[in-house]
Amino acid sequence: MSAFPATRLRRLRRTASLRALVRETRLDLEGFVLPLFACEGEGVVRPLEGLPGIAQRSLDELVREVDSCAALGVPAILLFGVPDEKDDEGSGAWADDGIVQRALRELRGRHPGLVLVTDVCLCEYTAHGHCGVLAGGEIANDETLELLARTAVSHVEAGADAVAPSDMMDGRVGAIRGALDEAGHPTASILAYSAKYASAFYGPFREAAGSTPSFGDRRGYQMDPANVREALRECELDLGEGADVLMVKPALPNLDVIRAVRERFDAPLAAYNVSGEYAMVKAAAARGWLDERQAALECLTAIRRAGADVVISYWTKELAGWL
Ligand code: PBG
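Please read these numbers as outputs of a predicted model, since none were measured by experiment. (Residues numbered from 1 in each chain as written. Predicted model: local features only at pLDDT ≥ 70, side-chain atom pairs only at ≥ 80, totals over all residues. Heavy atoms only, no water.)

Draft legend 1. Representation of the site of the ligand. The environment of the ligand is formed by 19 residues, the closest being Lys196, Arg206, Lys249, Ser275 and Tyr314. Contact distances for the ligand include 2.7 Å between an oxygen atom and a side-chain N or O atom of Arg206. Take Lys249: an N or O atom from its side chain is 3.4 Å from a nitrogen atom of the ligand. Notes on the ligand: free accessible area 400 Å², of which the protein chains cover 100%. At a threshold of 2 Å from the grid points, most atoms of the ligand map onto the largest cavity. Of all the secondary structure elements, the ones that give two or more residues to the shell around the ligand are strand E9 (189-196) and helix H6 (203-209). Here the residues of the shell around the ligand are counted per class, giving 11 nonpolar, 3 polar and 5 charged. (Near = heavy atom within 4 Å. Polar contact = N/O pair within 3.5 Å; in protein donor to acceptor, adjacent residues only side chain to side chain. Areas by Shrake-Rupley, 256 points an atom, 1.4 Å probe, with all protein chains shown as cover. 1 Å grid on protein atoms, 1.4 Å probe; cavity = no way out; pocket = protein on both sides within 12 Å on 5 of 7 lines; lining within 4 Å. Sits in = over half its atoms within 2 Å of the grid points. Helix = DSSP H or I, 4+ residues; strand = E, 2+ residues; numbered from the N terminus. Nonpolar A, V, L, I, M, F, W, Y, C, P; charged D, E, K, R; others polar.)

Okay, here's the thing in structure tokens:
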């Protein structure tokens, strides 16, 4: 490369249109997924303190919200259920008349082209708030697999295009793939939360989903934030078990992990811009400490630049207005 003064990198920064012309990473709405929370009741819109702009919604309100998102061009949603009743096994997760199953049936009919993804996990449905069932005070891996598989099949049968297991049990992708195939759904896809870290940044989500563990924490199944080679092993195993899309979560503290996964594997890669990442910016913006739109676009661009094809973000609806 020739040196200054022949080379002046500021030349292409001179105007907005020159900068746009040579921009390396662009945001388009087509790669974004909006998380939504479905709860019981009617006419319920329960705003969430830690997730400004996001609410728990009963099915009638959820449908209205999805209608407005779809009209704005939001291409995909990720559904979470907030049930009224919980038990030790989390049986609400696979109930035929469960909150997510009913939401899916309603939405599938109204929005045939909208990508419907569901979070597959037990933590919103178990009384103890852990992502698997308990046996002898431990989160039992193998006993949980069948319940997750059942949940995934029930979501697909209610209309989900893709299921996203977020529990971090070993072998769950294979168990889900097997169960989907056996139930006659070989074309339903799996978006695996492959490298999901035990993160402090899920705080606001746990309020939203009512899924804070009643004892202990999730470090016995979610990944240690210090590890990146282990993330690659998780991804490799998930691909071997039939994952269609890999995911790294949270996104911003793990941009190096996103990059490493992108370089190692050719499968589509998603990153989850989680509740705490969103809440931090919202809280600072509310105090006038930063410009929300600019900060959000910078965060989302960084996640794409690191190598994510798909970004799951609470900003997706606002982004539709910004782009
Ligand atoms: C459920 C689940 C969690 C998130 C997505 N699925 C919480 C957790 O593992 O505690 C976090 C999403 C967010 O923070 O936005 N297992």
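Draft legend 2. Expanded view of the side chain of Thr151. Looking at where Thr151 falls in the secondary structure, it is placed in helix H4 (residues 141-158). Overall, Thr151 belongs to the buried group, its relative accessible area being 1%. Apart from residues no more than four positions distant in its own chain, Thr151 is found in contact with Ala93, Trp94, Val120 and Leu122. (Buried < 20%, exposed > 50% of the residue type's maximum accessible area, 1.4 Å probe, protein only. Contact = heavy atoms within 4.5 Å.)

Draft legend 3. Main features of helix H8 (residues 255-264). Here H8 has its buried residues at Val257, Ile258, Val261 and Arg262. Looking straight down H8, one finds its buried side chains confined to an arc of 135°; they lie on one side. Residues Glu263 and Arg264 are exposed on H8 and point more than 90 degrees away from its buried face. Against helix H7 (229-241), strand E10 (245-249), strand E11 (269-273) and helix H10 (292-306) lie the buried residues of H8. (Arc of directions from axis to C-beta.)

Draft legend 4. Quick peek at empty space enclosed by the protein. Within the structure shown, the criterion is met by 1 cavity of 30 Å³ or more. Residue lining of the largest cavity: 20 residues in total, with Cys123, Lys196, Tyr202, Phe205 and Lys249 positioned closest to the centre. Only E9 and H6 provide two or more residues apiece to the lining of the largest cavity. Per-class residue counts for the lining of the largest cavity are 10 nonpolar, 4 polar and 6 charged. (Points joined across faces, edges and corners; volume = space filled by probe spheres on them.)

Draft legend 5. Inspection of the layout of surface pockets at higher detail. When its volume is computed, the largest pocket comes out at roughly 380 Å³. Among the residues forming the lining of the largest pocket, the class breakdown is 3 nonpolar, 2 polar and 5 charged. Around the second largest pocket, the lining is made up of 13 residues, and of these Met168, Asp170, Gly220, Tyr221 and Gln222 lie nearest the centre. Residues of the lining of the second largest pocket, tallied by class, amount to 5 nonpolar, 4 polar and 4 charged.

Draft legend 6. A look at the packing of helix H2 (residues 59-72) against helix H3 (residues 99-110). Packing of H2 against H3 leaves a shortest axis separation of 10 Å and a crossing angle of 40°. Relative to H3, H2 is oriented oblique. Between H2 and H3 lies a crossing whose hand is right-handed. Of the residues in H3, those touching H2 at Leu59, Leu62, Val63, Val66 and Asp67 are Ile99, Arg102, Ala103, Glu106, Leu107 and Arg110. Split by residue class, the contact of H2 with H3 holds 7 nonpolar, no polar and 4 charged. (Axes fitted to C-alpha atoms, helices over the stretch in contact; angles between N-to-C directions. Parallel < 35°, antiparallel > 145°, perpendicular 65-115°, else oblique. Left-handed = near helix turned anticlockwise from the far one by under 90°.)

Draft legend 7. Region of interest: unusual backbone geometry. Of the consecutive residues Phe4 and Pro5, the connecting peptide bond is found in the cis state with omega at 10°. When you line up the elements, Pro5 lands in the segment before helix H1 (16-21). Omega for the peptide link from Lys249 to Pro250 comes to -10°, which places this bond in the cis form. A positive phi angle is found at Met168, which is not glycine, with a value near 70°. As for its placement among the helices and strands, Met168 is situated in the loop between strand E8 (162-165) and helix H5 (172-182). Exposure remark for Met168: the relative accessible area of 4% places this residue in the buried category.

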